[in-house]
Amino acid sequence: MWTLKQFETIFDRYHSSGLSLKDFCQNECILESKFFYWQRKLREYNKRKEQPSDFVPIVFSGSNQSLPVKKIVQQKTFPEHVDPTAANVLEVVYPNGVKVRVPMGTDPTQLRSLILLIR
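From a predicted model like this one, the values you see are computed outputs, not experimental measurements.

**As for helix 2 (residues 21-28)**
Logical step 1: Buried within helix 2 we find Leu21, Phe24 and Cys25. Down the axis of helix 2, the buried side of the element spans an arc of 95°, and every buried residue falls inside it. Facing away from the buried side of helix 2 by more than 90 degrees, the exposed set consists of Lys22, Gln26 and Asn27.
Logical step 2: Each element contacted by the buried residues of helix 2 is listed here: helix 1 (4-17) and helix 3 (32-50).

Okay, structure coming up:
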């Protein structure tokens, strides 16, 4: 059995050979069905690699500067019916439904540590 990397080498060799698929497979002692199987696997792998992810990075500009913090941020639980914007809260909602709510004006390094914990 091959790996994708091994088949990729064979596939490149086929393209550079200038032979028909039938002649190439015959010269290499490869079943055409096996070649088509791995070609489909390689195509699927490349398609998955090219698809954009839903991940959106959060970039903090000037995060090396210390921002004035009036109080230590404590974990707060907000009921689902409370509008986070009305409570001066920043809310990050992940595709899996996880929500991170922090008070507006929270130090970016504290926010970054909360986001990294969720991973």
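**Section: the pattern of salt bridges**
Any two side chains of opposite charge can pair, given that their charged atoms come close.
Logical step 1: Inspection of every chain in the model, using the stated rule, returns 2 salt bridges.
Logical step 2: When the shortest N-O distance is used, the salt bridge between arginine 13 and glutamate 28 registers 2.7 Å. One end of the pair, arginine 13, is in helix 1; the other, glutamate 28, is in helix 2, with 15 residues separating them in the sequence.
Logical step 3: Residue glutamate 28 is classed as partly exposed on the basis of its relative accessible area, which comes to 32%.
Logical step 4: Of the charged contacts in the structure, one is a salt bridge between glutamate 44 and arginine 40, with a shortest N-O distance of 3.7 Å. In this pair, glutamate 44 and arginine 40 both sit in helix 3, 4 residues apart, roughly one turn of the helix.

**A few points about the packing of aromatic side chains**
Logical step 1: Taken as a whole, this structure holds 12 aromatic pairs when the rule is applied.
Logical step 2: Between tryptophan 2 and phenylalanine 7, the aromatic rings sit 5.8 Å apart at their centres with planes inclined by 25°, giving stacked as the arrangement. When sorted by exposure, tryptophan 2 lands in the same class as phenylalanine 7, which is buried.
Logical step 3: Taking 5.5 Å as the distance between ring centres and 90° as the angle between the ring planes, the aromatic pair formed by tyrosine 37 and tryptophan 38 counts as edge-to-face.
Logical step 4: For tryptophan 38, a relative accessible area of 8% translates into the label buried.
Logical step 5: Here the aromatic cluster, defined as three or more aromatic residues joined through ring pairs, consists of Trp2, Phe7, Phe11, Tyr14, Phe24, Phe35, Phe36, Tyr37 and Trp38.
Logical step 6: One cation-aromatic arrangement involves lysine 34 over tryptophan 2; the distance from NZ or CZ to the ring centre is 4.4 Å.

What counts and how
Residues numbered from 1 in each chain as written. Predicted model: local features only at pLDDT ≥ 70, side-chain atom pairs only at ≥ 80, totals over all residues. Heavy atoms only, no water. Buried < 20%, exposed > 50% of the residue type's maximum accessible area, 1.4 Å probe, protein only. Helix = DSSP H or I, 4+ residues; strand = E, 2+ residues; numbered from the N terminus. Arc of directions from axis to C-beta. Contact = heavy atoms within 4.5 Å. Salt bridge = Lys/Arg side-chain N within 4 Å of Asp/Glu carboxyl O. Phe/Tyr/Trp six-rings, centres within 6.5 Å; stacked < 30°, edge-to-face > 60°. Lys NZ or Arg CZ within 6 Å of the ring centre and 35° of its normal.

In short, geometric facts, not functional conclusions.
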